[in-house]
Amino acid sequence: QVQLVESGGGLVQPGGSLKLSCVASGDIFIIHTMKWYRQAPGKQREPVARIGRGGTAGYEDFVKGRFTISRDNNSNTLYLQMNNLKPEDTAVYYCNADVLQTNGARSDYWGQGTQVTVSS
């Protein structure tokens, strides 16, 4: 099995910054694409950003220029640097990983989420 654990959420004022982390552990051979999603109250979970194993990143329009996704393959850690935060960024943020395990099985895994609240 594989576990993903997010951290770094919290309460921040509009215009502030936070950096989220997600550490993957367990039976991991290779982690392919890693992604951040978010879910605001009363809304569906939506993608935020994605990054391939080689570092190629993609962003949804609503975070372009404000958020930066990165990863450390040596430590199986995913990051999301969030700058110029807005109240509409308030949500639970989830990491997702496409994992190839040592037994050849390949599955998607999710973390438990970390709350980000942007408010004055």
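Cut-offs and rules
Residues numbered from 1 in each chain as written. Predicted model: local features only at pLDDT ≥ 70, side-chain atom pairs only at ≥ 80, totals over all residues. Heavy atoms only, no water. Helix = DSSP H or I, 4+ residues; strand = E, 2+ residues; numbered from the N terminus. Rg over C-alpha atoms; globule rule 2.2 N^0.38 Å. Buried < 20%, exposed > 50% of the residue type's maximum accessible area, 1.4 Å probe, protein only. Contact = heavy atoms within 4.5 Å. Polar contact = N/O pair within 3.5 Å; in protein donor to acceptor, adjacent residues only side chain to side chain. Pairing = 2+ DSSP bridges.

Attention shifts here to the overall build of the chain. Across its full length, the chain holds zero helices and 11 strands. Along the chain, helices and strands appear, N-terminal first, in the series β-β-β-β-β-β-β-β-β-β-β. By the compact-globule yardstick of 14 Å for 120 residues, the chain fits well, its C-alpha radius of gyration being 14 Å. Counting over 120 residues, the chain shows a buried share of 41%. The contacts in the chain between residues at least 6 apart in sequence include a share of 55% that link residues at least 24 apart.

Turning our attention to the environment of Y93. Within the secondary structure, Y93 sits in strand 9 (residues 91–100). Overall, the relative accessible area of 0% leaves Y93 in the buried class. Y93 sits 19 residues away from Q112 along the chain, and the two C-alpha atoms are 8.8 Å apart. Residues in contact with Y93, not counting those within four places in the same chain, are E6, L20, W36, Y37, R38, V48, F67, L80, M82, G113, T114 and V116. For Y93, the side chain forms a polar contact with the main-chain oxygen of D89, separated by 2.7 Å.

Another point: the pairing of strand 1 (residues 2–7). Side-chain alternation along strand 1 places V2, L4 and E6 on a buried face and Q3, V5 and S7 on a face that remains uncovered. Note: strand 1 against strand 3 (residues 18–26), six bridges, orientation antiparallel. Each bridged residue has a counterpart across the sheet, and for L4 the counterpart in strand 3 is A24.

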